[in-house]
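This is what each chain is made of:
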Amino acid sequence: MSPRRLLIYTILQDTDNYIIMKASAGLKTIILLLLLSLGEIEFEKYLYFRNKKNEFRVQNKIMQYSFSKLSRMDLKKARKLTVTFFKNYSPLLFVVVKKNNSIIMAANKKPGLNNLFSATLSTIRKTDQPDYRVLKLGKDHYYFYQQRTAPYQLITVYTFRKEFIPLYLRNLLLSLALFLMFSLRSALKRSGRSRPAASEKEAEKKVQPHIQQYKELYEDNQKLSEELENLTTLREVGLAINSILNFDQMLQTIMDVVLAKMNARKIIIYLIDETDRELVGQIGREGNRIISADGLKNEKIILGSGPVGSAMELHTPVILSGSSQEGYMVTPLIAKGQLIGAIKVEDRIEERTFTENDKNSLKLLSSSVAIALNNARLYEMAITDGLTRLYVHRHFQFRLQEELQRHRRSNKPLSLIMFDIDHFKKFNDYYGHQTGDFILKELSQVSRSLFRSTDSLFRYGGEEIAVLLPETDPDNAYMLAEKLRKTVESHAFTFQNDSFKVTISQGVSTYEPVKRKELSKDKLIKMADEALYYSKNNGRNKTTFYHIPLPSEQQA
């Protein structure tokens, strides 16, 4: 007799009271199973939406970083950058860039999205400028981001759609199957009749595959979600860091992406010192605070020493317990089979300890990071002078031409300082070239510490150094040059127990598009060079500004 016939036969043999009690108990069982299945579906929906939120948060950080440079771009470059984002981010619907509450650029993926575009802008006006919001129009959901970097404001909207009806149907069928199994057992017990062992095993065999299938589907869904998140993050990392060749900018971007991915508060990036066989802390971040190399002097990992040093020497990621019992995770950075650095992540935001899945995710992420870092370092070596760590002459010509074009469009002044060491040949001839190299290297370090991060220093040739000052007028350029001259004059240059007094002569020139629209880079260099030679021929240790006569003054 089949389980269904056996159940019907047993129910018909019972009294009316038993039938009522059985129906009531069955209804409660169905409701309980349905509630449990609905709770499981809601949990799956929560995981799905959380993964989507993290995915779009990473995308938006990359876009925000790119648009933070908008103050240095024109709108043509910004629009070109937006087209690139539309190609790479398939869920991206549109981008709006506002400056001082005025829209200066807006773009959407398709012309048919204008209605959604207008509806979202209307929603933006009604909100109190949230950083994150979920909109819903019809069956589609939209993630809405708004991030402000004064005076610019970046607004992005992404779309996603997920059908949960198959999950509801699946869990409903599973609940009914479980209910039939429990009802059959209960009916057999109440009737006092022993159910044949073969029939009971047969019923269990029919239900067991559904339970097992449900478990397998849930586990497969979890694995696919994790793999999708890892692949998405790798794609975003590739888009973010492979287009950046500036080494310091790349380190900043890597920290942003890794912290967002690992959901942590603190990160430290180490670089290899092959001479001492150790990894030295290069840069770090804790919350919103950037930790420089000076603040990481005690952050060293000696290869082969201790659990972390041994793991790094074997190119293996490791999870260890920290002093705060929260633990930390370290993974090596391997490029072309060589150890070039490491990443340390600690202080989880939600959970207290790192898991094996976290270690695998960071290991996968570190492979792309290592390749990008190695490429950036090679590029940095190609454009940087080995002795002074300043940019080389060829890069100076490229940057100067680029800045001239940009300042011509923005009508902002661009200044150039050129200086060299007074009587430098005497240091080489009398004290030796090692002393001359030391003075040149020390002078470069002193000079770098006085200028802004937006300014660029170049070794123009020999002992001559050029400083490019974007958006700097003549008065400020002259003031900075004088500050440099006085600092060098008072600085103690000590090499092998010998002290040297060093002075510099300088020439300053400025390109002001408002007064003179056209000016070639060769002319700007010549102006600064002539001012420099004037300083050298008139006593040295002084600064001279080259004054460009206006057309009216030339005629006079």
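The residue numbering used here restarts from 1 in each chain and proceeds along that chain's sequence as written. In keeping with the model being predicted, local features are shown solely for residues with a pLDDT of at least 70 and side-chain atom pairs are shown and tallied solely at 80 or more, while totals for entire chains, interfaces and linings include all residues. Side-chain numbers come from the whole structure's heavy atoms, not from hydrogens or water.

## A look at the pattern of salt bridges
As a working rule, side chains carrying opposite charge can pair if their charged atoms are close by.
At step 1: Think of a salt bridge as a Lys or Arg side-chain nitrogen and an Asp or Glu carboxyl oxygen that are within 4 Å of each other. In this structure the tally under the stated criterion is 20 salt bridges.
At step 2: Residues R406 and E471 are paired through a salt bridge, measuring 3.5 Å at the closest nitrogen-oxygen approach. Taken together, the positions of R406 in helix α10 (residues 393-410) and E471 in the loop between β15 (464-470) and α13 (474-490) put the pair 65 residues apart, joining distant regions of the chain.
At step 3: The cut-offs for exposure are 20% and 50% of the maximum accessible area for each residue type, with area from a 1.4 Å probe on protein chains only; residues under the lower value are buried, those over the upper are exposed, and the others partly exposed. Residue R406 is classed as buried on the basis of its relative accessible area of 14%.
At step 4: On the basis of relative accessibility, which here comes to 37%, the residue E471 falls in the partly exposed class.
At step 5: Among the salt bridges present, the one from E471 reaches K412, with a minimum N-O distance of 4.0 Å. With E471 in the loop between β15 and α13 and K412 in the loop between α10 and β13 (414-421), this pair connects stretches of sequence that are 59 residues apart.
At step 6: Since its relative accessible area comes to 36%, K412 is described here as partly exposed.
At step 7: Taken together, the salt bridges that share partners define one network made up of R399, E402, E403, R406, K412 and E471. Where helices and strands are cited, they refer to DSSP runs of H or I of at least four residues and of E of at least two residues respectively, numbered from the N terminus.

## Considerations on the packing of aromatic side chains
At step 1: Working definition: a ring pair exists when centres of Phe, Tyr or Trp rings (six-membered ring for Trp) sit within 6.5 Å. Plane angles under 30 degrees give stacked, over 60 give edge-to-face, the rest tilted. In this structure the tally under the stated criterion is ten aromatic pairs.
At step 2: Here the aromatic rings of Y391 and F458 are separated by 5.7 Å at their centres, their planes lie at 40 degrees, and the arrangement is tilted. Linking Y391 in the loop between α9 (356-383) and α10 with F458 in strand β14 (residues 456-461), this pair joins segments that are 67 residues apart in sequence.
At step 3: One aromatic cluster in this structure is built from Y391, F396, F458 and Y460.
At step 4: A positively charged side chain is recorded as over a ring if its NZ (Lys) or CZ (Arg) lies within 6 Å of the ring centre. The angle to the ring normal must also be within 35 degrees. The ring of Y328 is capped by K344, whose NZ or CZ atom sits 4.6 Å from the centre of that ring.
At step 5: When the ring centre of F427 is taken as origin, the NZ or CZ atom of K426, which lies over that ring, is 5.7 Å away.

## A closer look at the confidence of the model for the chain
At step 1: Averaged over all residues, the pLDDT of the chain equals 77, while 74% of them reach at least 70.
At step 2: Each residue carries a pLDDT value, the predictor's own confidence for that position, ranging from 0 to 100. In what follows, a contact means two residues having at least one pair of non-hydrogen atoms within 4.5 Å. Scored below 50 in pLDDT, residues 1-21 makes 19 contacts in the model with residues more than four places away or belonging to other chains.
At step 3: In the predicted structure, residues 550-556 sits below a pLDDT of 50 and forms seven contacts with residues beyond four places in sequence or in another chain.

## Examining the environment of D473
At step 1: As for its position among the elements, D473 is in the loop between β15 and α13.
At step 2: The exposure class of D473 is partly exposed, given its relative accessible area of 29%.
At step 3: In this structure, the C-alpha to C-alpha distance between D473 and Y511, residues 38 residues apart in sequence, is 8.5 Å.
At step 4: The contact partners of D473, leaving out residues within four places of it in the chain, are P413, S415 and T510.
At step 5: Whenever a nitrogen or oxygen atom comes within 3.5 Å of another N or O atom, the pair is scored as a polar contact, on the condition that within protein one atom can donate a hydrogen and the other can accept it, and that pairs from neighbouring residues in sequence are kept only if both atoms are in side chains. A polar side-chain atom of D473 sits 2.9 Å from the main-chain amide nitrogen of N476.

## A few points about α10
At step 1: Here α10 spans 26 Å end to end across 18 residues, near enough to the 26 Å set by a 1.5 Å rise per residue.
At step 2: Looking at the buried residues of α10, the elements they touch are α9, β13, β14, β15, β18 (504-511) and α14 (521-537).
At step 3: Positioned one or two residues after α10, N411 has a phi angle of 60 degrees, which is positive. Residue count minus one, scaled by 1.5 Å, sets the expected span of a helix.

## Let's talk about the packing of α10 against α14
At step 1: Two numbers describe how α10 lies on α14: the axes approach to 10 Å, and their chain directions differ by 110 degrees. Between α10 and α14, the interaxial angle falls into the category roughly perpendicular. The segment α10 lies against α14, with F396, Q397, L400, Q401 and L404 engaging K521, L524 and I525.
At step 2: A per-class count over the contact of α10 with α14 returns five nonpolar, two polar and one charged. Angles here are taken between N-to-C directions and fall from 0 to 180 degrees, while the axes themselves are lines fitted to C-alpha atoms, restricted in helices to the stretch in contact. The scheme is simple: roughly parallel for angles under 35 degrees, roughly antiparallel for over 145, roughly perpendicular for 65 to 115, oblique for anything else. Any residue outside Ala, Val, Leu, Ile, Met, Phe, Trp, Tyr, Cys, Pro, Asp, Glu, Lys and Arg is labelled polar, Gly included; the first ten of those are nonpolar and the last four are charged.

## A word on the side chain of E482
At step 1: Its place among the elements puts E482 in helix α13.
At step 2: Not counting residues up to four positions away in its chain, the partners in contact with E482 are Q506 and T543.

## So, a nonpolar patch on the surface
At step 1: Every patch collects residues that have over 30% relative accessible area and no salt bridge, joining them within 9 Å if they carry like charges and within 5 Å if they are nonpolar side chains (Val, Leu, Ile, Met, Phe, Trp, Tyr). Per-residue and other accessible areas were derived by the Shrake-Rupley procedure at a 1.4 Å probe size, with only the shown protein chains allowed to occlude residues. A contiguous nonpolar patch, built from I31, L35, L38 and Y168 and spanning about 350 Å² of accessible area, is present on the exposed surface.
At step 2: Element by element, the count of residues in the nonpolar patch is highest for helix α2 (residues 16-67), at three residues.
At step 3: You can see L35 is positioned in helix α2.
At step 4: Overall, the relative accessible area of 54% leaves L35 in the exposed class.

## Description of the nonpolar core
At step 1: With 26 residues, the main nonpolar core has I417, F419, I421, I439, L443, F451 and F493 as its most contacted residues.
At step 2: Of all the secondary-structure elements, those providing two or more residues to this core are β13, α11 (424-431), α12 (433-450), β15, α13, β16 (493-495) and β18.
At step 3: Among the elements that line this core, the one with the most residues is α13, at five residues.
At step 4: Look past the residues within four positions of F419 in its chain and what remains in contact with it is L443, S447, E463, E464, I465, V467, L484, I504, S505, Q506 and L532.
At step 5: Joining through side-chain atoms within 4.5 Å is the link that ties buried Ala, Val, Leu, Ile, Met, Phe, Trp, Tyr and Cys residues into a set, and such a set is a nonpolar core. L251, M255, L333 and L362 belong to the second-largest nonpolar core, a separate cluster that totals 25 residues.

## Some remarks on the sheet that holds β18
At step 1: Two strands are said to pair when DSSP picks up at least two bridges between them. The mixed open sheet is built from five strands, whose spatial order is β14-β15-β13-β18-β19. Each edge of the open sheet is held by one strand with a lone partner, namely β14 and β19 (543-545). Recorded for the sheet is a direction-independent mean angle of 20 degrees between the axes of neighbouring strands.
At step 2: Two strands pair when backbone bridges link them, and β13 and β15 are joined in this way by six bridges, in the antiparallel orientation. Paired with M418 across the bridge in β15 is A466.
At step 3: Relative to β14, α10 is tilted by about 130 degrees, and along the sheet it contacts β13, β14, β15 and β18.

## Side note on unusual backbone geometry
At step 1: The phi torsion at N411 lies on the positive side, around 60 degrees, for a residue other than glycine.
At step 2: Relative to the helices and strands, N411 resides in the loop between α10 and β13.
At step 3: On the basis of relative accessibility, which here comes to 38%, the residue N411 falls in the partly exposed class.
At step 4: In this structure, Q496 is a non-glycine residue whose phi angle is positive, near 50 degrees.
At step 5: Here Q496 lies in the loop between β16 and β17 (498-500).
At step 6: Under the relative-accessibility criterion, Q496 is labelled exposed at 56%.

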